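# Overview (structure and organization)
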Amino acid sequence: MVERYLEKKLESGGSRTTMEPVLEDFATFCNQEGVDHVADLESGDLREYGLRLKTKHTNDEIAGSTADTYFAYVRAFLSFCVRDEELDTNPAATERAEEFLPEDTPTRETQFWEPEQREQLLAYVDERVGMAREETISVPIERAYRDRTIVILLAELGLRGAELFRDANDEKRDGLLWGDINLERGRLEVYGKSRTREAVGLTKAAHDALSRLKRVQKPPIDEWPLFPTDHAASKYKAVENATGDRPETGTDIDTLLRDEEIAPPSITKEAGRQLMKQLTGEAGIEVENGEYLQPHGARRALGAELYEKGHSELAQKALRHNSIETTHDAYSDIQAEDVAKSIDEIRD
């Protein structure tokens, strides 16, 4: 059943590399517990599996969040078994089954943007665009719009850094591309934490920022990244990979990329973090312990804002925190746009 499930994941565009070792380990656990068939699984068995994950967490083998993720993978697999009529109900989808799961211990990574910090940063990136236009700072206009859009998408939509930027260690994560944006419908698609395509509705501010960036950037192809790298060597490498010839030193590499319709790489997650450090400092924003406004802090801030205003269900949808077994449903095309409209209405 594990193999059947993983094959189905591949057919739907998912990746088996993340889930496979976890589910194989779960199958081994079941064998050790004397459970040979999924139909024999009960909530007590999943309760014991949760206890096993807690023990690993206690022994510092895995983080609390990792334990929760592993359990979610198993719950998703068992939901598939229900749909395949191998189980009547999902034994992992009960409070009893989750009783022993460890809590994720907060760390300094749980930082979130305070409302005043958020407004100060948004005001600064707006001002920075104006200064770039007036040439009172040595920042190209396109880069100023790029950086402004990054901040707005983080603040408005709660996107993860891994959904915006390129991950050098994950070939599936190339960064957000213009082909992922649908301004007419008011939505974009990201390669989410679930390793599937997820729809995100655009708030008014996010839509405006993307529209302005597109007018300034004029992307020649859909594969063009929203946030191209400033690293010249990476641009030269992109041309070499596409044509087989390395451009001569001193070539106007940006013009060449556009003329040949060769997309440069997106900035990396690390470059995104460095940019946020730079902008936090330039904006004069004070953060505890000498830290900076981390990309994920915007996501937590959006969730906190919606929860505090009594919109817990909207927060769950806006952050795409549905249980992992339901992410493939993508909560319908219309719902993604409605979430963004609801956020706008609440903030208004």
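Anything mentioned here points back to the structure above.
Every value quoted in this text rests on a predicted model; they were computed, and no experiment measured them.

## Things to note about the overall build of the protein chain
Check the secondary structure of the protein chain and you find 14 helices and three strands. For 348 residues, the compact-globule formula gives about 20 Å, and the C-alpha radius of gyration of the protein chain, at 23 Å, lands near that figure. Projected onto its principal axes, the C-alpha coordinates of the protein chain cover approximately 70 × 50 × 40 Å. Evaluated residue by residue, the protein chain yields a buried proportion of 47% over its 348 residues. Sequence-distant contacts, at least 24 apart, represent 64% of the contacts inside the protein chain between residues at least 6 apart. In the protein chain, the 46 positive side-chain charges and the 72 negative ones have mean positions that sit 3 Å from each other.

## Examining the sheet that holds strand β2 (residues 187–191)
Two orientations exist for strands paired in a sheet by backbone hydrogen bonds: parallel and antiparallel. Taken together, three strands build an open sheet; the order of strands is β1-β2-β3 and the sheet is antiparallel. Both edges of this open sheet fall to β1 (181–182) and β3 (197–201), since each of them pairs with a single strand only.

## Description of the state of the cysteines
Overall, the coordinates contain zero disulfides when judged by the stated rule. The thiol of Cys 30 is not disulfide-bonded; the next cysteine sulfur, from Cys 81, is found 9.9 Å away. Judged by relative accessible area, which is 7%, Cys 30 ranks as buried.

## With respect to the environment of Thr 251
Looking at the secondary structure, you find Thr 251 in the loop between α9 (232–243) and α10 (253–259). For the pair formed by Thr 251 and Tyr 236, sequence separation is 15 residues and the distance between their alpha carbons is 9.1 Å. Those residues within four positions of Thr 251 in sequence are excluded, and the remaining contacts are Tyr 236 and Leu 256. There is a polar contact of 2.5 Å between the side chain of Thr 251 and the backbone oxygen of Glu 248.

## Section: the pairing of β2
In summary, the side chains of a regular strand alternate between the two faces of the sheet. Counting buried residues along β2, four of its five residues qualify, which places the element largely inside the surrounding structure. Here β1 pairs with β2 via two bridges, running antiparallel. If you follow Ile 181 over to β2, its bridge partner there is Leu 188. Between β1 and β2, which pair antiparallel in sequence order, lie four residues; one of them, Gly 186, sits at a positive phi of approximately 75°. One ladder, built from five bridges, connects β2 with β3; its direction is antiparallel. What sits directly across from Arg 187, in β3, is Gly 201. Once β2 ends, the chain turns through five residues before running back antiparallel as β3, passing Arg 195 with a positive phi of about 65°.

## Observations regarding the packing of helix α6 (residues 141–157) against helix α12 (residues 295–308)
Remark: α6 packs on α12, axes separated minimally by 7 Å, with the N-to-C direction vectors making an angle of 30°. Comparing the axis directions of α6 and α12 gives the class roughly parallel. When α6 is examined against α12, the residues Leu 154, Ala 155, Glu 156 and Leu 157 are found in contact with a partner set consisting of Pro 295, Ala 298, Arg 299 and Leu 302. Here the residues of the contact of α6 with α12 sort into six nonpolar, no polar and two charged.

## Observations concerning a negative patch on the surface
Taken together, Asp 252, Asp 259, Glu 260 and Glu 261 make up a surface patch of like negative charges. The partly exposed category is assigned to Glu 261, whose relative accessible area is 46%.

## Describing unusual backbone geometry
The phi dihedral of Glu 85 is positive, around 65°, even though this residue is not glycine. Within the fold, Glu 85 resides in the loop between α4 (64–83) and α5 (115–134). Here Glu 85 falls in the exposed class, since its relative accessible area comes to 71%. The residue Glu 135 is not glycine, and still its phi comes out positive at about 60°. Note that Glu 135 resides in the loop between α5 and α6. Given the relative accessible area of 70%, Glu 135 is considered exposed.

Here is what the cut-offs are and how they apply
- Residues numbered from 1 in each chain as written.
- Predicted model: local features only at pLDDT ≥ 70, side-chain atom pairs only at ≥ 80, totals over all residues.
- Heavy atoms only, no water.
- Helix = DSSP H or I, 4+ residues; strand = E, 2+ residues; numbered from the N terminus.
- Rg over C-alpha atoms; globule rule 2.2 N^0.38 Å.
- Buried < 20%, exposed > 50% of the residue type's maximum accessible area, 1.4 Å probe, protein only.
- Contact = heavy atoms within 4.5 Å.
- Lys, Arg positive; Asp, Glu negative; His and termini not counted.
- Charge placed at Lys NZ, Arg CZ, Asp CG, Glu CD.
- Pairing = 2+ DSSP bridges.
- Disulfide = S-S within 2.5 Å.
- Polar contact = N/O pair within 3.5 Å; in protein donor to acceptor, adjacent residues only side chain to side chain.
- Axes fitted to C-alpha atoms, helices over the stretch in contact; angles between N-to-C directions.
- Parallel < 35°, antiparallel > 145°, perpendicular 65-115°, else oblique.
- Nonpolar A, V, L, I, M, F, W, Y, C, P; charged D, E, K, R; others polar.
- Patch = residues over 30% accessible without salt bridge, like charges linked within 9 Å, V, L, I, M, F, W, Y side chains within 5 Å.
- Areas by Shrake-Rupley, 256 points an atom, 1.4 Å probe, with all protein chains shown as cover.
- Salt bridge = Lys/Arg side-chain N within 4 Å of Asp/Glu carboxyl O.

Just distances and angles here, no functional claims.
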